[in-house]
Amino acid sequence: MDKFVKMTAIVAPMDRANVDTDAIIPKQFLKSIKRTGFGPNLFDEWRYEDVGQPDADNSKRPLRKDFVLNQPRYQGAKILLARENFGCGSSREHAPWALKDYGFDVIIAPSFADIFFNNSFKNGILPIILDEKVVDELFNETFANEGYQLTIDLAEQKIIKPNGDAIEFDVDSFRKHCLLNGLDDIGLTLQHSEEIKAYEENRKATKPWLYAN
Amino acid sequence: MSGKTLYDKLWDDHVVRQEEDGTALIYIDRQLLHEVTSPQAFEGLRLAHRKPWRVEANLATCDHNVPTTELKGGVDTIEDPVSRIQVQTLGMNTKEFGITEFGMGDPRQGIVHVVGPEEGMTLPGTTLVCGDSHTATHGALGALAHGIGTSEVEHVLATQCLIQKKMKNMLVKVDGQLKPGVTPKDVILAIIGKIGTAGGTGYAMEFGGQVFRDMSIEGRMTVCNMAIEGGARVGLVGVDEKTIEYVKGRPYAPKGELWDQAVEAWKELRSDDDAVFDKVIEIDGSEIQPQVSWGTSPEMVLDVDGIIPDPDQESDPVKATSIRNALKYMGLEAGTAIKDIPVEYVFIGSCTNSRIEDLRAAANVLKGKKISDKVELAIAVPGSGLVKQQAEAEGLDKIFVEAGFEWRNPGCSMCLAMNADRLPSGKHCASTSNRNFEGRQGAGGRTHLVSPEMAAAAAVAGHFVDVRDYL
Ligand code: SF4
């Protein structure tokens, strides 16, 4: 996993509550057996006029001009501004894969669905929860200013606005450590192999029926 | 000190290592695998030269992509190339890593959440995970079960553990007695209608009270299955005699002396009387009516004699917009009676409602009746090959077919339309599945979540009706 470094990028506003993972990446694209290449189908049903197919050439498909990611002013966005309960619905990790593949490194919302929230960290995306009022303000500023950018400083846990104002945010210390160092979860866990083995031995002794098969 | 909740007990029993910041390394007893969320996990193992920690802890089956129509040539003749590749890949991966798979054609193949309990792979007191958000289903047996993402599937394969933070405790207490014709599906839909789709976010949701004590294990599975639609990753019901009776004799369940030992331990698996929950919701079971969802989120649900809400009467602007969007997508107007919604497709199946009791209940309504000629397609899709066999032994397949249903092979089918079973755009479907999101059953399709009984009655009438008029 790449290390998460301090970044400044364009903000794209996704002004809808309860954006579910079916909308983020429709199911016909889940059939890939790879982890990459989902970006062109991110928000597929909202982004294109036609119904997307896994083998279609996406560059030739008609775009819905009014969809936020199709507007010229939001090209190159790496920060997605969203509403409450973002990422609800199925547990598909293709949702963060698609967001990441498209280029989003940060998602800001008043709340996230649990599974999506966890999956984001595991895929190098930083989900930031901010107060609803603060998110509202960011939406207003993004709409009002073409090319609106934010700086995300994870080490300092700060979002810096173009005018220099800073918004602090909370992040789980372990998740932060992993993102900043690009650490893979499995490697971290296997550092505790001996403890896992000891636990397992004890379990075999006290609950042998779990190991009968 | 106050007592412990069931979730507290299950959690405490599985902590391998506790970090100061609240994260913990949790031991996972069982993992179920299917073809959609596992390929990248196996790919990850291979890329990192890692092996599964405990091969026997895993069981795989294919469900999301499998065709439900007769397929003589097996996997290699699945028409859709991407579906075929996923199903084939699961076969290759499980073989390479030595994991048991119930593949296509095996009578034990089926929807992963039907197969786990049916095989006794799901046991009380275990932690069980699967790369699928409806894993909460297994909590009906007093197991701590929840959905995980593909990276976590890989993590569990490689380490038999997950990194987690403890959730909060929530109790949904439904006391009283259900009215005849009111089913577990109506109970969970009514709960979601009350608490909303985010009402349980961050909580392990235990279902307690008379209604769940009276409910069968399969009914409890229907309820726990949809905990995630109420925002909770975990649904739980305490262990009782019914649980133990259900598990007994299943292929992967303990036998002989080990069985007695296990049962002794399982009896502790319920919340202590003085346990404290962070949030408690109480509902009077006797007031629950048959439910029908009308919108594009499971919380958009009403009693069968309800009237579709008017966004202009909604004071919260975010909610008003959601209602407006939902009405537009569903092609419905505010003020319409639920009973006036036409039903053109009927789907009885999915991990919510495809077990033998569900099929019996639907068949009971259909017996001696014909589906309306307004219904273009009605399908009944058993949850597993074994459910299908059982249903056929009871003659249920004949009742479905005589009524005008198609009787299919097991799989997820039209629950999410990854295979060829798709709801066409603009059509209203009475569906026993769990999600009515836009496009869930097929692009543009209009899903209405109901119980198997209500789906069967709607099939006969050609629009929604109160099943109690049909019993
Ligand atoms: S039946 Fe539907 S909800 Fe259940 S596992 Fe299959 S796709 Fe998921």
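Looking at the interface of chain B and chain A
Then step 1. With 76 residues of chain B at the interface, the matching set in chain A holds 54 residues.
Then step 2. Where chain B touches chain A, the interface holds seven salt bridges.
Then step 3. Across the pair E195 of chain A and R17 of chain B runs a salt bridge, and its minimum N-O distance is 3.0 Å.
Then step 4. For the pair chain B and chain A, the interface holds 24 residue pairs in polar contact (both at pLDDT 80 or more).
Then step 5. With seven residues, the single largest contributor to the side of chain B that touches chain A is helix α5 (residues 150-159) of chain B.
Then step 6. For the side of chain B that touches chain A, the class distribution of residues is 29 nonpolar, 27 polar and 20 charged.

Concerning the site of the ligand
Then step 1. All residues adjacent to the ligand are H64, H113, D132, H134, S350, C351, C412, C415, L416, N434 and R440 of chain B.
Then step 2. Looking at the shell around the ligand, its residues break down into four nonpolar, five polar and two charged.

Let's talk about the packing of helix α2 (residues 39-47) of chain B against helix α3 (residues 81-97) of chain B
All names here are of chain B.
Then step 1. Where α2 contacts α3, the two axes come as close as 10 Å, and the packing angle between them is 40°. As far as their axial angle goes, α3 and α2 are oblique. In terms of crossing hand, the pair formed by α2 and α3 is left-handed. Touching P39, F42, L45 and R46 of α2 are T89, N93, E96 and F97, all from α3.

So, the environment of F42 of chain B
Residue and element names in this part refer to chain B.
Then step 1. Of note, F42 is situated in helix α2.
Then step 2. The sequence separation of F42 and I148 amounts to 106 residues, and the corresponding C-alpha distance is 15 Å.
Then step 3. Excluding its chain neighbours within four sequence positions, the residues that come into contact with F42 are L33, N93, F97, I99 and L157.

Some details on the confidence of the model for chain B
Then step 1. Overall, the predicted model of chain B reaches an average pLDDT of 96, with 100% of residues at or above 70.
Then step 2. Model confidence for the complex: the whole-complex pTM is 0.86, and ipTM, which rates the interface, is 0.93.

Here's the deal with the sheet that holds strand β18 (residues 428-431) of chain B
Residues and elements named next belong to chain B.
Then step 1. With respect to topology, five strands assemble into an open sheet ordered β17-β16-β15-β18-β19, the strand pairing being parallel. In this open sheet, the two strands that pair with only one neighbour each are β17 (406-407) and β19 (446-449).
Then step 2. Note: strand β15 (residues 345-348) against β18, three bridges, orientation parallel. What sits directly across from Y345, in β18, is C429.
Then step 3. Each of β18 and β19 is contacted by helix α11 (residues 317-330), which is oriented at about 110° to β19, the strand it contacts most.

Examining unusual backbone geometry
Residue and element names in this part refer to chain A.
Then step 1. In this model, N18 sits at a positive phi of 55°, which is unusual for a non-glycine residue.
Then step 2. As for its position among the elements, N18 is in the loop between β1 (7-14) and α1 (21-24).
Then step 3. For N85, which is not glycine, the phi torsion reads 60° and is therefore positive.
Then step 4. When you line up the elements, N85 lands in the loop between β2 (79-82) and α3 (94-102).

Rules and cut-offs
- Residues numbered from 1 in each chain as written.
- Chains lettered and ligands numbered in written order.
- Predicted model: local features only at pLDDT ≥ 70, side-chain atom pairs only at ≥ 80, totals over all residues.
- Heavy atoms only, no water.
- Contact = heavy atoms within 4.5 Å.
- Salt bridge = Lys/Arg side-chain N within 4 Å of Asp/Glu carboxyl O.
- Polar contact = N/O pair within 3.5 Å; in protein donor to acceptor, adjacent residues only side chain to side chain.
- Helix = DSSP H or I, 4+ residues; strand = E, 2+ residues; numbered from the N terminus.
- Nonpolar A, V, L, I, M, F, W, Y, C, P; charged D, E, K, R; others polar.
- Near = heavy atom within 4 Å.
- Axes fitted to C-alpha atoms, helices over the stretch in contact; angles between N-to-C directions.
- Parallel < 35°, antiparallel > 145°, perpendicular 65-115°, else oblique.
- Left-handed = near helix turned anticlockwise from the far one by under 90°.
- pLDDT = per-residue confidence, 0-100.
- Pairing = 2+ DSSP bridges.

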